[in-house]
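Residues per chain are reported as follows:
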Amino acid sequence: MLQVNYIRENRAKVLEGLTLRNFKQPELVDEIIKTDEERRQIQTSLDNLSAIANSSAKQIGELMRNGKKDEAEALKAETTSNKELIKNLSEDFAAAETKLHSLIVQLPNLPYHLVKAGSTPEENEIVSVHGEPAALGEKALPHWELTAKYDIIDFELGTKITGAGFPVYKGKGARLQRALINFFLDHATAEGYREMQVPHLVNEASGFGTGQLPDKEGQMYHVGIDGLYLIPTAEVPVTNLYRDVILKEEELPVKNTAYTPCFRREAGSYGAHVRGLNRLHQFDKVEIVQVVHPDQSYEVLENMSAYVQSLLQKLGLHYRVLRLCAGDMGFTAAMTYDMEVWSAAQQRWLEVSSVSNFETYQSNRLKLRFKGATGKTQLAHTLNGSALALPRIVAAILENNQTEKGIKIPEALVKYTGFEYID
RNA sequence: GGAGGGAUGCCUGAGUGGCCGAAAGGAACAGUUUGCUAAACUGUCGUACUGGCAACGGUACCGAGGGUUCGAAUCCCUCUUCCUCCGCCA
């Protein structure tokens, strides 16, 4: 959520940023400024009236203590008339705040200056490409055939238990999942992230804090009876750990990592592109999250990107790094790098990680601040990234590493799987 | 699930209708003193909105939301959460 004061003082910049994003309702900005103006006017009147009421109440107390009952009663009568006014103004004030909030929540984050205009995935910038595509013969199979061939992932079985998009991992398939989770977690820990285990269901306040609510309401599974949501990513619980927290400056940067399953409704996406492991309703992911000093957040973003890339390199995957264009970025991000691995059998790039700097967009919602040497509290910057999301990594490993002898497990992973081939 | 007891500032903890944005102690920070460390002494020490060029003010907040009252940390209602006991259970 953008800060009202910032919007008020930087109207032109805000509009410019929104335009870059192709934001459809720039008129919201002026509406926000206008509502804020009203809000402040009401507050001024309300504060003045309250000040009078407070001093009257004090006087009445004074008079009572001195036994001047008549005078006290007279003053009481006078004050009563103010009450109605204060009550009305308070209601107006609350209404203005609610309105302001509901408006400001509709504005996405502003893109960082390096982010280019654009609205479609095709307009994303390719920052770099690493490795070579695996050279596969004519007989190369897509992963959904490989998983059936080696009986390691069962999509139909999952359908019976739950529905489409909830696969069952079997034997070496299950073991591969566990190996990847440990591999990612071990590396994150070595990189200085603290491993956390967090709830997989979150309340509404948490959903709001990281920006899933109210924007992406329909993307999350909702446990209505308890008012809870299944997490679409560990970002939600891990970042919300710091909701309503004022950190000491020396506690920064905060670096946490967590493995969680992720649940996404993915309403309305069907077809060839979502076959197999390409898009699931439940999948596993290791996430890295940082809370940092505003001066450092872009440096940290680069570090996180480099870290994620180091994982892809260790797994021997051909990948590329994209800087998302303004219109393709998530609502809450100021800058995002996507990492995509090459799926040799499908002949397409698969997104396996998204690393973003949210600047103060989340921290403003979360009230996540730090107190600096000057004693001033200010909003921290938050960042997070997948490191990594499993299904598409699995898809790429299966497809790119298929051989006559079976699926060859990447060298770095063998000590985690305990086997070299899936056959 | 049932019964009872709590929730106050960074921490401990006082406060049961006005003089309380909140005692006291501790921690932390700054300074004085000191050969160094320690101790002692002095000062600072919540958040947010808002008025003002500033100096300096105003308002709100004592788990959350409502209510009573001229006036609420204090009384009433609802909710959340923690603790103790009972029941159930991985």
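Residues numbered from 1 in each chain as written. Chains lettered and ligands numbered in written order. Predicted model: local features only at pLDDT ≥ 70, side-chain atom pairs only at ≥ 80, totals over all residues. Heavy atoms only, no water.

Visitor: Got a minute to help me understand helix 10 (residues 297-314) in this structure?
Guide: Given 3.6 residues per turn, any residue in an α-helix points the same way as the ones three and four places further on. Over its 18 residues, helix 10 runs 26 Å from end to end, which matches the ideal 26 Å to within 8%, given 1.5 Å per residue. Among all positions in helix 10, only Ser 297, Tyr 298, Val 300, Leu 301, Met 304, Ser 305, Tyr 307, Val 308, Gln 309, Leu 311 and Leu 312 are buried. (Helix = DSSP H or I, 4+ residues; strand = E, 2+ residues; numbered from the N terminus. Expected span 1.5 Å × (residues − 1). Buried < 20%, exposed > 50% of the residue type's maximum accessible area, 1.4 Å probe, protein only.)

Visitor: Even after reading the chapter, I still don't get the pairing of strand 10 (residues 282-292), so can you show me in this structure?
Guide: If a strand is regular, its side chains alternate between the two faces of the sheet. With 10 of 11 residues buried, strand 10 is to be regarded as a mostly interior element. For strand 9 (residues 254-263) and strand 10, the ladder comprises 10 bridges, and the chain directions are antiparallel. Each bridged residue has a counterpart across the sheet, and for Val 254 the counterpart in strand 10 is Val 291. (Pairing = 2+ DSSP bridges.)

Visitor: So what exactly am I meant to see when it comes to unusual backbone geometry here?
Guide: Across residues other than glycine, the phi torsion is negative in most instances, and most of the peptide bonds are trans. Cis peptide bonds are those with omega within 30 degrees of zero, and the linkage from Leu 213 to Pro 214 qualifies with 0°. Position of Pro 214 among the secondary structure elements: in the loop between helix 8 (204-209) and strand 6 (222-223). Look at the link from Ala 387 to Leu 388: it is a cis peptide, with omega at 0°. With respect to the helices and strands, Leu 388 occurs in strand 16 (residues 381-389).

Visitor: Is there a simple way to explain the nonpolar core in this structure?
Guide: The nonpolar side chains of a soluble globular protein tend to be buried, and buried together. Counting 64 residues, the largest nonpolar core has Leu 180, Phe 184, Leu 312, Val 341, Ile 393 and Ile 422 as its most contacted members. Sequence-distant contacts of Leu 312, that is, excluding residues within four places in its chain, are made with Leu 317, Tyr 319, Met 339, Val 341, Val 352, Leu 388 and Ile 393. In terms of nonpolar packing, the next biggest core, distinct from the first, is built from 17 residues, Leu 18, Phe 23, Ile 32 and Leu 110 among them. (Core = buried A, V, L, I, M, F, W, Y, C linked by side-chain atoms within 4.5 Å. Contact = heavy atoms within 4.5 Å.)

Visitor: Just checking my understanding: could you explain the packing of helix 3 (residues 27-65) against helix 4 (residues 69-104) for this structure?
Guide: How two helices pack is summed up by the angle between their axes together with the distance between the axes. Running from N to C, helix 3 and helix 4 cross one another at 160°; their axes reach a closest spacing of 8 Å. Between helix 3 and helix 4, the angle is such that the two are roughly antiparallel. Note that helix 3 runs across helix 4; the crossing there is left-handed. Residues belonging to the contact of helix 3 with helix 4 are distributed by class as follows: 20 nonpolar, 9 polar and 8 charged. (Axes fitted to C-alpha atoms, helices over the stretch in contact; angles between N-to-C directions. Parallel < 35°, antiparallel > 145°, perpendicular 65-115°, else oblique. Left-handed = near helix turned anticlockwise from the far one by under 90°. Nonpolar A, V, L, I, M, F, W, Y, C, P; charged D, E, K, R; others polar.)

Visitor: Whenever I open this one, the side chain of His 293 confuses me. Can you help?
Guide: One can find His 293 in the loop between strand 10 and helix 10. Judged by relative accessible area, which is 14%, His 293 ranks as buried. Polar side-chain contacts of His 293 include one of 3.0 Å to the backbone nitrogen of Asp 295. Look past the residues within four positions of His 293 in its chain and what remains in contact with it is Glu 249, Leu 252 and Phe 370. (Polar contact = N/O pair within 3.5 Å; in protein donor to acceptor, adjacent residues only side chain to side chain.)

Visitor: Which parts of the structure should I look at to understand the environment of Glu 38?
Guide: As for its placement among the helices and strands, Glu 38 is situated in helix 3. Between the C-alpha atom of Glu 38 and that of Leu 100, which follows or precedes it by 62 residues, the distance is 9.8 Å.

Visitor: Whenever I open this one, the environment of Arg 320 confuses me. Can you help?
Guide: When you line up the elements, Arg 320 lands in strand 11 (residues 319-323). For Arg 320, the contacting residues outside a window of four places in its chain are Ile 126, Ser 128, Val 129, Asp 338, Met 339, Glu 340 and Trp 349. Reaching out from Arg 320, the side chain makes a polar contact with the side chain of Glu 340 at a distance of 2.8 Å.

Visitor: Even after reading the chapter, I still don't get the protein's contact with RNA strand B, so can you show me in this structure?
Guide: Around RNA strand B, 20 residues are found, and the nearest of them are Arg 39, Gln 43, Ala 57, Arg 369 and Lys 371. Backbone atoms, meaning sugar plus phosphate, form 70% of the atoms of RNA strand B positioned within 4 Å of the protein. Taking Ala 57, its main chain carries an N or O atom lying 2.6 Å from a base nitrogen of RNA strand B. Within the side chain of Thr 377, an N or O atom sits 3.1 Å from a phosphate oxygen of RNA strand B. Those elements that provide at least two residues to the surface near RNA strand B are helix 3, helix 4 and strand 14 (369-371). With 12 residues, helix 3 is the largest single contributor of residues to the surface near RNA strand B. Each residue belonging to the surface near RNA strand B can be placed in one class, and the counts come to 5 nonpolar, 6 polar and 9 charged. (Near = heavy atom within 4 Å.)

Geometric values such as these leave the question of function open.
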